[in-house]
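# A closer look at the structure
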Amino acid sequence: MSTTPDKQVYPSPSNAMSATGTAPETAPRTSSRGSTVERVVEHLRSGILTTRYAPGQRLIEADLTRDLGVSRGPLREAFRRLTAEGLIETVPNRGALVRRLTLTETIELFQIRTELEALAARLSASNVSEPDIRAAFEGAIAPIWSEAPRLSAMAYLEENKQFHDAIVGASGNCQLVTLHSQLQLPLIMFQVSGGLTAEILCHSVAEHREIAQAILDGDAPAAEAALRGHLERAADLTAHMPPSTFRAET
């Protein structure tokens, strides 16, 4: 056996107890800061994805710190996180702005989206015979069968998002779900929502029903073809919107 005396172990500052027997304040402060940042991130993300903060809108630090009751530190950390998510951008001499896409960026995202969702439609049609998948899909897409007229583009966007998310979810491919969510597709739809007329919305609903029926029938080629046609038409409509809809190309 070793005759070396046991080494004295001293408590580190991070786990030492104070004279009153309470834990140090550093950990709670760190935890509190983290929860504050998360709260700010969620507030801003929700605001952007529901157009409370519009594409291109400047996010003024002084206003947000006052409205949210936070300091600039957590706010700037929230800006950094949302920049990484592609929801905001930092512009020299202007600060943080809600990301506004150029026409080129929008068309490129439509191209990626079309390929991902075409795969999702094909996989979903193959999976729909599974009772749990079918039930979840039917429940998620239920609004598309409503005969109520779609009079508001902004109200329709939630139905549209729910429908397309349901197709991706029914694919059973977790990596596809993750990639699809990273595209931040609501940014596209909110940016072009001003050009969505009642006629366009009615046509979109009809195409959603065609896609859904093909998936429910288990017809993978028909589901893929219908979805491709739907998104290619949407991309073409977007390409012909007024230039003011988009951020200027650089």
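You'll find the structure just up there.
Being a predicted model, the structure only gives us computed values, none of them experimental. (Residues numbered from 1 in each chain as written. Predicted model: local features only at pLDDT ≥ 70, side-chain atom pairs only at ≥ 80, totals over all residues. Heavy atoms only, no water.)

### Quick word on the overall build of the protein
Helix and strand counts for the protein come out as ten helices and two strands. From first element to last, N terminus to C terminus, the protein shows the α and β order α-α-α-β-β-α-α-α-α-α-α-α. When the 250 residues of the protein are sorted by exposure, 39% land in the buried category. Partitioning the contacts of the protein with sequence separation of at least 6, the portion at a separation of at least 24 is 76%. (Helix = DSSP H or I, 4+ residues; strand = E, 2+ residues; numbered from the N terminus. Buried < 20%, exposed > 50% of the residue type's maximum accessible area, 1.4 Å probe, protein only. Contact = heavy atoms within 4.5 Å.)

### Here's the deal with the side chain of S171
Within the secondary structure, S171 is located in the loop between α6 (153-170) and α7 (174-182). Residue S171 is classed as buried on the basis of its relative accessible area of 5%. Those residues within four positions of S171 in sequence are excluded, and the remaining contacts are A120, L123, S124, N127 and L176.

### Focus on the pattern of salt bridges
Under the defined criterion, the tally for this structure stands at 20 salt bridges. Note that R45 and E42 form a salt bridge whose closest N and O atoms lie 3.0 Å from each other. Taken together, the residues R45 and E42, both in helix α1 (residues 26-49) and three residues apart, mark about one turn of the helix. Given the relative accessible area of 43%, E42 is considered partly exposed. (Salt bridge = Lys/Arg side-chain N within 4 Å of Asp/Glu carboxyl O.)

### Focus: the pairing of strand β1 (residues 88-91)
In summary, the side chains of a regular strand alternate between the two faces of the sheet. As judged from the four bridges shared by β1 and strand β2 (residues 95-98), these two strands associate in the antiparallel manner. Across the sheet, T90 pairs through a bridge with A96, a residue of β2. Counted along the chain from β1 to the antiparallel partner β2, the turn is three residues long, and its residue N93 has a positive phi close to 70 degrees. (Pairing = 2+ DSSP bridges.)

### Concerning the packing of helix α5 (residues 131-141) against helix α9 (residues 198-216)
For the pair α5 and α9, interaxial distance at closest approach is 12 Å and the crossing angle is 170 degrees. With respect to each other, α5 and α9 are oriented roughly antiparallel. By crossing handedness, the relation of α5 to α9 is classed as left-handed. Contacts from R134, F137, E138 and I141 of α5 reach α9 at A212, I215 and L216. Within the contact of α5 with α9, the residues separate by chemical class into five nonpolar, no polar and two charged. (Axes fitted to C-alpha atoms, helices over the stretch in contact; angles between N-to-C directions. Parallel < 35°, antiparallel > 145°, perpendicular 65-115°, else oblique. Left-handed = near helix turned anticlockwise from the far one by under 90°. Nonpolar A, V, L, I, M, F, W, Y, C, P; charged D, E, K, R; others polar.)

### Quick notes on unusual backbone geometry
Residue N93 is not a glycine yet carries a positive backbone phi of 70 degrees. Topologically, N93 is positioned in the loop between β1 and β2.

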